[in-house]
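If you want the building blocks of each chain, they are given just below.
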Amino acid sequence: MRRPLIAGNWKMYKTIGEAMDFVARLKPLVADASHCELVVAPPFTALAAVAATARGSNVRVSAQDVHWDAEGAHTGDVSPRMILDAGATLAIIGHSERRHDHNETDEQVNRKLRAALAAGLEPIVCVGETFEERETGRAAAVLERQFTNGFRGLTSPDFSRIIIAYEPVWAIGTGRTATPEMAAESHAKLRSLAREGFGSENAEGLRILYGGSVKPENIRGLMAQPEIDGALVGGASLMAESFAAIVHYR
Ligand code: 13P
């Protein structure tokens, strides 16, 4: 059985004070949520404060990105060691906003992923097609390219530590969620790629989250799909009450 995971990606929102307030409000709302794993991904500036506030609770902390080097001349970047040092244990890698804003490539995603794994971080790797790619019938091919290049060279034990987030770009921040059936179809495609590349045990154990306009109103339908193992939530994760409502989807 794959353990469901609900993660909140705060993107470029929240000061340190706002982030700490959020966690203090969230903790009692989700203290009884034993049916799933819970993650929040604050901006780097609030990472250490959130990790300290969440310590001892069932809320785990993720970075939103990671560099591939342990240290070096990379202005503005943050290394796996620094993330662990701040108290986070996961890192989101290859979010479509980074692919778009910073021209991140599948090859860079692969380098980041290997570095995160080597350092002991748990990676949440994002994949997903644009509207144009879906409209022109290329969605499955895009997932295949992102999977093949992003996960190139990984060993089976490495792959067993990865979480994938399927985030169709056209559904992010638009209020247009993929239907549960559409999401499940893409998840099944990703799972079959995992089976081909890393064997059926890894494929069965792989958690695939859906992301893109997830809200308290649509989480239940999404989680009813056996292929959907959780959610990566943007906008609706910014308020403790709506994030908690998503966590309590059952
Ligand atoms: P929204 O939930 O705001 O659509 O964002 C999804 C997302 O990009 C999470 O990483």
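It should be noted that the structure appears before, not after, this text.
The rules behind each value
- Residues numbered from 1 in each chain as written.
- Predicted model: local features only at pLDDT ≥ 70, side-chain atom pairs only at ≥ 80, totals over all residues.
- Heavy atoms only, no water.
- Buried < 20%, exposed > 50% of the residue type's maximum accessible area, 1.4 Å probe, protein only.
- Helix = DSSP H or I, 4+ residues; strand = E, 2+ residues; numbered from the N terminus.
- Pairing = 2+ DSSP bridges.
- Axes fitted to C-alpha atoms, helices over the stretch in contact; angles between N-to-C directions.
- Parallel < 35°, antiparallel > 145°, perpendicular 65-115°, else oblique.
- Left-handed = near helix turned anticlockwise from the far one by under 90°.
- Contact = heavy atoms within 4.5 Å.
- Nonpolar A, V, L, I, M, F, W, Y, C, P; charged D, E, K, R; others polar.
- Near = heavy atom within 4 Å.
- Polar contact = N/O pair within 3.5 Å; in protein donor to acceptor, adjacent residues only side chain to side chain.
- Areas by Shrake-Rupley, 256 points an atom, 1.4 Å probe, with all protein chains shown as cover.
- Right-handed = clockwise from strand over helix to strand, strands pointing away.

## Let's talk about the pairing of strand β8 (residues 230–233)
- Judged by which residues are buried, β8 turns out to be covered on both faces: G230 and L232 on one side and A231 and V233 on the other are all buried.
- Of the strand pairs in this sheet, strand β1 (residues 5–9) and β8 are connected by four bridges, and their pairing is parallel. By the bridge assignment for β8, A7 is matched with L232.
- Examined bridge by bridge, strand β7 (residues 207–211) and β8 share two bridges and lie parallel to one another. Its bridge partner being in β8, G211 is matched across the sheet by L232.

## Some points on the packing of helix α7 (residues 139–150) against helix α9 (residues 180–198)
- The contact between α7 and α9 brings their axes to 10 Å, and the two run at 40°. Here α7 is positioned oblique relative to α9, judged by the angle of their axes. Of the two possible hands of crossing, α7 and α9 adopt the one that is right-handed. Taking contact as the criterion, the partners of A140, L143, E144 and F147 in α7 are, on α9, S186, K189, L190, L193, A194 and F198.
- For the contact of α7 with α9, the per-class residue count stands at seven nonpolar, one polar and two charged.

## A short note on the sheet that holds strand β5 (residues 122–127)
- Judged by pairing direction, the barrel is parallel, and its eight strands sit side by side in the order β1-β2-β3-β4-β5-β6-β7-β8 before closing back on the first. The average angle at which neighbouring strand axes cross in this sheet is 25°, direction not considered.
- Where strand β4 (residues 90–93) lies against β5, four bridges are found, and the strand directions are parallel. Counted as the bridge partner of I92 is I124 from β5.

## Description of the site of the ligand
- Lining the immediate surroundings of the ligand are N9, K11, H95, E167, A171, I172, G173, G212, S213, L232, G234 and G235.
- Between S213 and the ligand, the recorded distance is 2.8 Å, taken from a backbone N or O atom to an oxygen atom.
- Between the ligand and the protein, one listed contact pairs an oxygen atom with a backbone N or O atom of G234 at 2.9 Å.
- Bound to the protein, the ligand loses 95% of the 310 Å² it would expose on its own.
- Class assignment of the residues belonging to the shell around the ligand gives a composition of three nonpolar, seven polar and two charged.

## Describing the pairing of β4
- Judged by which residues are buried, β4 turns out to be covered on both faces: L90 and I92 on one side and A91 and I93 on the other are all buried.
- For strand β3 (residues 59–63) and β4, the ladder comprises two bridges, and the chain directions are parallel. Considered in β4, the bridge of A63 is made with A91.
- For the handedness criterion, the β-α-β arrangement of β3, helix α3 (residues 80–86) and β4 is classed as right-handed.

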